[in-house]
Amino acid sequence: HLNTNLTLVIYHSLCVPSGVTEWTSWFNIDHPGGNGDYERLEAIRFYYRERICARPTAMEARTTDWVAAADTGEVVHSSLEKGFWCINKEQPHGRVCSNYHVRFQCPPVQSYWTDWSEWGPCSTTVCNDVGIQVRQRKCVSAQPMPLLFVPACIGHHAERKECSTPPCTAKWSPWGPWGSCSVTCGGGRRTRRRTCVRTSEKVQCSGRPAEVQKCGKGPCPAKCQLKCAEGHPSEDCSICTCADHVVFGDIQTVTGVPVAGATVALTSHPKVISTLTDKKGQFTLSGICSSSQRKCAFMPSTEKPYIVKHPEDKVRYEGGRVLLCCSATGLPAPDKYHWYHNGTLLDKNVYKYGEDLLLRDLKLEQSGDYYCKTSNPAGSVKSSPAHLTVIAKESPACNSTPETHLVRLPMDCVQPGTHSKYYNAGRCPHNKCPGSLDFDMRCRDGDGFCCGVQEMESRIIDCGTYKLPIRAVIHCSCQKCVQPTVLVRGRVAAADNNEPLRFGHIYIGKDRVGITGYQGGFTLQITPDTQRLVVNFVDPTQTFIDTPKVFIFDKKGGSIYHNVKVMRKQIPIDINPRETNFIDLGEIKGEDPIGQIVIPPNSFYKDNGETYEGTVKASVTFIDPRNITTAAAAPGDLNFVDEEGDMLPLRTYGMFSVDFRDETSKEVLGAGAVQVLLDTQHVKMQEHIPTMKLWSLNPDTGVWEEESNFSYSTTTAGGRGRNKREERTFLIGNMEIRERRLFNLDVPENRRCYVKVRAYMSDKFLPNEQLEGVVISLINLEPKPGYSSNPRAWGRFDSVLTGPNGACLPAFCDAMRPDAYTAYVTAILGGEELEAAPSSPKMNPNIIGVSQPYLDKLDYQRSDHEDPALKKTAFRINLAKPNQNNLDETNGPIYPYQNLLACENAPVDSNHFRFFRVEKDKYEYNVVPFEENDLTTWTRDYLSWWPNPQEFRACYIKVKIYGQKEVMVRSRNLGGTHPQTRGKLYGIRDIRSTRDMREANTSAACVEFKCGGMLFDQAEVDRSLISIIPQGSCRRIGTNGLLQEYLIKHPPVAQNNESHAFTMLAPVDPLGHNYGIYTVTDQNPRVAKEIAIGRCFDGTSDGFSREMKSDYGVALTFMCPEKKINRESLFQRLQTNPGQTLSQMARDMREMEGLQVQRSSTQVVAFPSEQSGRTQSRRASSVSRRRTSVRAQQRQ
C-alpha cells in the first residue's frame, strides 16, 4: 500500500509571482540497510535545521535513481509531521526498500502561528475550587525582517478555559519497609510506618501511622564448631587465626624487579584482599597460623606511567602569564613531575610547579619548548614538547604584509611581457596569535586566534587572449582560527588474502568508539588535543588477533587514510597442561622456526588463580619478519620508553600473539613460568645477542614494555612438527602470560638515521607543487647475504606524514657497509598509491632527486627496476649512514639521527627522494586561493569554491569522448543565480580524458564543477553557471535524457546554442549516476573528491573504480575526430623533394597568372573599379614576390 500523503511534483515557470512556495533541496539521511529507509523529519531538522521550514505543506519522495515513490511498488509511509519511511519486512517477495530522498514545500506566507503551547496551570491551587487555564502561541516571521514590517497573523495569540481543582482528600501513603529486627534470634520486634498525605488541613486520615510485628523467632545457633589445633576461629568461623603470627614475603617479576602495590589474598578466599605490597615489593600477613598450609595469590598492580594530557602550544604577549598542563596515569599514580625548558630542568623551588606549570610576567627569553617528565616505581615518561611564543608588547602578533604565494595559472594563460605561468596572490603566515583571551589560565585556550585574511581585493590577470579574475590577499591580522575536523580513515583487512575485518570493534583506550564496515572501512574523528592516537581493532569472531595501531594524523584537518593489516589467528591445537609443551614460532616452508615457547607442566591457571587441569585450546600466531608481507600487520609502532622517559625505536626478530582457552567454557587462561627460546642462528648481527629482550605490548598506550632479558644457553629443542631433536644454541627468556597477549623479540638499535622524502603533484617535481598529508611508509629490511641475513626479512615499520617541507622517516643505517641495512619505501594519499621516481632504463639523478656519487652508493631501485610488469609505487635503497667528512654526503637525503632539525629544515634543492601523483594533465584554479591539504587556509568569501569549511561537497560530471586521442576537458564555473556572484568566476577545472581500455577510440573524463547550493552566508542558494568545453575540434552529439529533463523542469534553463560545449545551471539536488552527475559530501575536500571520482570512473552511485568505464553513467557525449593531413606542407615537400617542388610551384604560378587574366575580363564584381584594381594590383605584386623568391632559391 502506498501512502497517499505523498504529493505530486508541480513545477513552476521561471516568472514566479510573489508568495508562491519553493521546494527545499533533497535530503537523504538514511540508507535502506538494517530495518529499512527512515527519512524522519525530526532527524532532518537535527542535521539541517536552517534548511527546512517549521510547517511544511507538502512532501515529495523519490529513489536515488529518480523513481517516484508511487512507481516503485513498495510499501511506504509518510506524514508531514513525521516524515517518510519504508520498512524492509513489509515489502513483498523478500524485497528490500530502495534508497529514498525527500524534499518539502514551505508555506507561501511570510508569517505564521506556531503550535499552541500546553495549557498552563490552573489559576487556583486550593482543592475543590474553580479557576482559569491559559495557552498561547506566537506569530513567527519566515524571513528575517524589521519588527514593524512583519505581517500580522490572523487570529488570537491566547486562549482561555475554565478549570477546577479536585476535591479535598486525605490518603495514607504506602507502607514503608520493615525495619531491622531488634534481635537475630530468640524473638524480637520490627516496625514499619506510613504518612498521611492531605490536600487540605480540613480533612484527616483514619487509621494508625505505624505497625509492629514479631521477628527473630528462630533459636539461636550453637557456638562455632571449628576446631583449631593452633590459634582460634575467625569471627565468621571460616579459618583459624593466630594473632601473634606474621607471614613475611616479597613479590618480584620474572626479571627480579620488585612489584609495588600488588594485591595479596589467600587462594581459599581469592576475592578478599588481605594486604598490598610496599614500594620494595614486600608484604606482611598477620594472624596466619604456622600449622596451616595456605597459599597466597597476588596480582601485580604496577604499570608504567603514560601521558594522557600533554602541554599545548601557546602564544602570549610579554608581561602576560600562561598555564601549561601535564597529566599522566600509571600504577601507582605518578606523583613526581618535573618541567623542562629547552631541555633544561626548571628549579622547582622557584616555579613551584606540580602537574601544571604557571609562568607569570613573561619575558622574551622564556620563549621555547616546554615538556614535563613524570615517574613512578615502574618507570618514567616525557610529554610531547609544547612551544611557547612570547611576543614583545610593541610588536604585532601577525605581520600585516602577506607572504608570497604563487598560484599556477591555466596552461593557456600567458602573461604578456613576463610569460610567467604563476601569479602572486599572497597569503597570511601560519602562526597563532595571543588574541583577546577571555581567560588565560586554562590548560587549553578557549577560542584560538590565528594570523588570517583581513582584506582581499579583486584583480585581473592578463592572459593575452582573455582576462582571468583573482582575489588576492592585501592585509593580514589576527582572526579566530578555523577549527577543521580532524579525521582518520582507512580499511582493515587480512594480511594474507585481503579479507576485510567486518564489524570489528574499534577501541581507543578502554572506550569502544565504533565498528568497521562490511568492507572493513572505518572513520574516526579525532579531538584537537590528541597527541598520540592508539587504536585497537578487536575481532568479535576471534578470526583475527587483536591489533593495536598507532596512527599518524593531520591536525590541519587533512583526512589521513590508513591501510590496516591484521594477522589471521592460527587454528587452535589441543595441549595437555600436565605435560611440558613446545610451540614453534615461525612456520616458513623450508626454513627452521625462529624459536619456541616452552610451557612447563601445571602452568595454566584460571582467572581466580585456580590451577587448570583440563584440555587447553592453544593458538599462537607468529608475525615472522622473514615474510615482508607481514610488516604492515605489526602491532604498535615498535617503540619503547627508556629509563629517562624518552621514546626510542626497537628492531624486531618476531612478534607473537598467544590465546589459551578452556576447551569447555572458552574462558581465557593465564600461564606462569613460560620460557621463550630464540634460535641464535637467526640473529646474524652478533652485537644484538647481548641486548636481546622480551617485550609485551601495552594495548592502551601502544608502547612495548620490557618483560625479561634473555640468557645464553645451549639446549635441545623439540616439539610439534620437528622430524628430529637437535642441540642448538638458544637465547632463553622467561615470562608470565596474564592480561597482555602480544609479545616481541626485540633489541634497541642505536644505529639510526633519517631519510628525506617529498611528494609532488606531477612528475615535473616543481617545488611549489609539493603534496602535504601523504603517508610515507618505510620498512627496514634485513642486511644482505654475506653480511647479515636474508634480504626478505624486515626489522621495523614506520609511517610519517608529509608537511610543507616533505617528511623525515626514521630508519636504521650503518656507517661501515652501505648495504648493511636496506629500506622499502611507499607513499599513499587518500588510498591512492603514488608513483616513485623511475630508476630505469637509465639512472637520472635530476629525476630521482639525489646527486652522484652518493646515488650509486645508495643503489636506488624502483620496484619495476628489473621487471617492468611490476608496480611503480615503491623504491628500495641502501641505508648508508652519511660520512660527515665527505661533502657529497652532507646534503641529504640521509641524515644522522642527531641531525633531525637539519632534515626537517632542508631546502627543496637539497638531496631527497621523490614520489608523484600518477594523475597527469590535471589543473585546478580557484579565484579565491585555497589549499585543500590545509583547511585552515579557507577564506570567508562569496567566491570561495568551498562555501563551508566544515562540510565539503564535491560535484563531478562524466563526459564521454569519441576519438583516437585523449582530450583536455574544461569546466568554467560562474555564479548563476546569487546576486553577489552572478556572472563572476568561481574557478576553472581542466582534466584530460582517460582511455577506456575495453573500447577502441573511446575515452571519458570526470570533470569537477562548482556545486549549486548555499554560499557561506547561508542566506540564498546559488545555482552555478557551468560550461563544459572539450579542447579541440569537438562536437556534442549526445546529452543524458534524464539530466536534460531535470534541467528543463528546474528553470531557469541555460542556453545551449553552441555544439562544441554544454552549459547548465548546477543542480541543487544530489543527482546520481543515471544523470551522469556524481555528488559526495564529506568533512574533508580531498576525501569527497576521491570518492566522487571513484564513483564517476565506475559509473555507479555507490561503487568505486580506478579503471574508466565509459559506457556507464555518462552525462555528455562529444565527437572529437582527429584532423587528417590531406597533403604535405610546403616545408615538408621542400625537405623531401626540393627540385620537383620548385618546378610545381612555377607551374602553379603560371597557371594562376592566366587564371587572373581570364577572371578580370569575364567576371562581374560587386565593388567599384578602383577597388578592384587595387585588389588585382595586390595579387600581381604577390605573384611577383613569389617569382623573386623562387629565383633566389634557384640561384642558391
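Residues numbered from 1 in each chain as written. Predicted model: local features only at pLDDT ≥ 70, side-chain atom pairs only at ≥ 80, totals over all residues. Heavy atoms only, no water.

Next up on the list: the nonpolar core. Within the largest apolar cluster, 49 residues are counted, with the highest numbers of intra-cluster contacts made by Leu409, Ile461, Leu468, Tyr925 and Tyr956. Secondary-structure elements contributing two or more residues to this core are β33 (449-462), β34 (467-480), β65 (922-926), β66 (952-962), β68 (985-992), β70 (1002-1009), β76 (1077-1082) and α7 (1085-1098). Residue contributions to this core peak at 5 residues, all from α7. Judged by nonpolar contacts, the second largest core, of 38 residues, contains Val774, Ile776, Cys813 and Ile877. (Core = buried A, V, L, I, M, F, W, Y, C linked by side-chain atoms within 4.5 Å. Buried < 20%, exposed > 50% of the residue type's maximum accessible area, 1.4 Å probe, protein only. Helix = DSSP H or I, 4+ residues; strand = E, 2+ residues; numbered from the N terminus.)

Applying the stated rule across the entire model yields 2 cavities of 30 Å³ or more. Of the voids in this model, the largest cavity is the one considered here, and its volume is about 90 Å³. Surrounding the largest cavity, Lys304, Pro305, Tyr306, Ser380, Val381, Val641, Asn698, Thr701, Val703 and Glu705 form its lining. Where the lining of the largest cavity is concerned, the elements lending two or more residues are β20 (303-309), β28 (379-382) and β51 (703-717). The biggest single contributor to the lining of the largest cavity is β20, with 3 residues. Looking at the lining of the largest cavity residue by residue, the class counts come to 5 nonpolar, 3 polar and 2 charged. The volume enclosed by the second largest cavity comes to roughly 50 Å³. The wall of the second largest cavity is formed by Val928, Pro929, Phe930, Trp938, Thr939, Ser944, Trp945 and Trp946. The residue makeup of the lining of the second largest cavity, split by class, is 6 nonpolar, 2 polar and no charged. (1 Å grid on protein atoms, 1.4 Å probe; cavity = no way out; pocket = protein on both sides within 12 Å on 5 of 7 lines; lining within 4 Å. Points joined across faces, edges and corners; volume = space filled by probe spheres on them. Nonpolar A, V, L, I, M, F, W, Y, C, P; charged D, E, K, R; others polar.)

Let us now look at the confidence of the model for the protein. With 85% of its residues at a pLDDT of at least 70, the protein reaches an overall mean of 80. Scored below 50 in pLDDT, residues 785-792 makes 22 contacts in the model with residues more than four places away or belonging to other chains. Taken together, the stretch residues 1157-1196 has pLDDT below 50 and engages in 13 contacts with residues farther than four places along the chain or on a different chain. (pLDDT = per-residue confidence, 0-100. Contact = heavy atoms within 4.5 Å.)

Assignment of secondary structure puts Ser1027 in strand β73 (residues 1025-1030). The contact partners of Ser1027, leaving out residues within four places of it in the chain, are Arg970, Ser971, Arg972, Phe1062 and Thr1063.

Moving on to the pattern of salt bridges. In total, this model carries 41 salt bridges according to the counting rule given. For the salt bridge of Arg103 with Glu60, the shortest nitrogen-to-oxygen distance reads 2.9 Å. In this pair, Arg103 is assigned in strand β5 (residues 100-105) and Glu60 in strand β2 (residues 58-63), connecting sequence segments 43 residues apart. Lys363 serves as the salt-bridge partner of Asp361, at 3.6 Å between the closest nitrogen and oxygen. Asp361 gets classed as partly exposed once you look at its relative accessible area, which sits at 48%. Linked through salt bridges whose partners overlap, the residues forming this network are Lys922, Glu924, Arg989, Glu1008 and Lys1089. (Salt bridge = Lys/Arg side-chain N within 4 Å of Asp/Glu carboxyl O.)

Looking at where Arg970 falls in the secondary structure, it is placed in strand β67 (residues 968-974). On a C-alpha basis, the gap between Arg970 and Gln1031 in space is 7.3 Å, while along the polypeptide they are 61 residues apart. When sequence neighbours within four positions are dropped, the list of residues in contact with Arg970 reads Pro410, Asp412, Tyr466, Ile988, Arg989, Asp990, Val1007, Ser1027, Ile1028, Ile1029 and Gln1031.

Because side chains alternate across strand β22 (residues 322-325), one face comprises the buried residues Val322 and Leu324, and the other comprises Leu323 and Cys325, equally buried. Pairing of β22 with strand β26 (residues 356-359), which is carried by 4 bridges, proceeds in the antiparallel orientation. Bridging from a neighbouring strand, Cys325 pairs with Asp356 of β26. (Pairing = 2+ DSSP bridges.)

What follows deals with the sheet that holds strand β32 (residues 432-433). Taken together, 3 strands build an open sheet; the order of strands is β32-β33-β34 and the sheet is antiparallel. The open sheet has two edge strands, β32 and β34, and neither has a second partner. As judged from the 13 bridges shared by β33 and β34, these two strands associate in the antiparallel manner. Pairing of Cys450 across the sheet is with Gln479, part of β34.

Our focus in this paragraph is the sheet that holds strand β40 (residues 547-551). With antiparallel pairing, 4 strands are arranged side by side in an open sheet as β37-β36-β39-β40. Lying at the two open borders of the sheet, with one neighbouring strand each, are β37 (511-515) and β40. In this sheet, neighbouring strand axes are inclined to one another by 30° on average, regardless of whether the strands run parallel or antiparallel. Here strand β36 (residues 505-508) pairs with β37 via 4 bridges, running antiparallel. (Axes fitted to C-alpha atoms, helices over the stretch in contact; angles between N-to-C directions.)

So, on to the state of the cysteines. Defined simply, a disulfide is a covalent bond joining two cysteines at their sulfur atoms. Evaluation of the coordinates by the stated rule reveals 18 disulfides. Here Cys428 engages in a disulfide with Cys476; their sulfurs sit 2.1 Å apart. Where Cys428 bonds to Cys476 through sulfur, the torsion about that S-S bond is close to -95°, and the disulfide is left-handed. Pair noted here: Cys428 is in the loop between β31 (422-424) and β32 and Cys476 is in strand β34, with a separation of 48 residues, a long-range link. Cys476 gets classed as buried once you look at its relative accessible area, which sits at 1%. (Disulfide = S-S within 2.5 Å.)

Looking now at the side chain of Asp624. Here Asp624 is to be found in the loop between β46 (616-623) and β47 (639-641). A polar side-chain atom of Asp624 sits 2.7 Å from a polar atom in the side chain of Arg626. For Asp624, the residues in contact, after removing those within four places along its chain, are Gly586, Glu587, Ile588, Ile594, Thr630 and Trp794. (Polar contact = N/O pair within 3.5 Å; in protein donor to acceptor, adjacent residues only side chain to side chain.)

Let us look at the pairing of strand β49 (residues 670-679). A large share of β49 lies buried, amounting to 8 of its 10 residues. The sheet contact formed by strand β45 (residues 604-605) and β49 spans 2 bridges and is antiparallel. When the bridges of β49 are listed, Phe604 appears paired with Ala671.

Looking now at the packing of aromatic side chains. In this description, an aromatic ring pair is defined by two values, namely the gap between the centres and the angle between the planes. Inspection of every chain in the model, using the stated rule, returns 23 aromatic pairs. Taking the centre distance of 5.0 Å and the plane angle of 50° together, the rings of Phe640 and Trp695 count as tilted. Residue Phe640 is located in strand β47, and its partner Trp695 is located in strand β50 (residues 693-698); the two are separated by 55 residues in the primary sequence. No difference in accessibility class separates Phe640 from Trp695, as the two residues are buried. (Phe/Tyr/Trp six-rings, centres within 6.5 Å; stacked < 30°, edge-to-face > 60°.)

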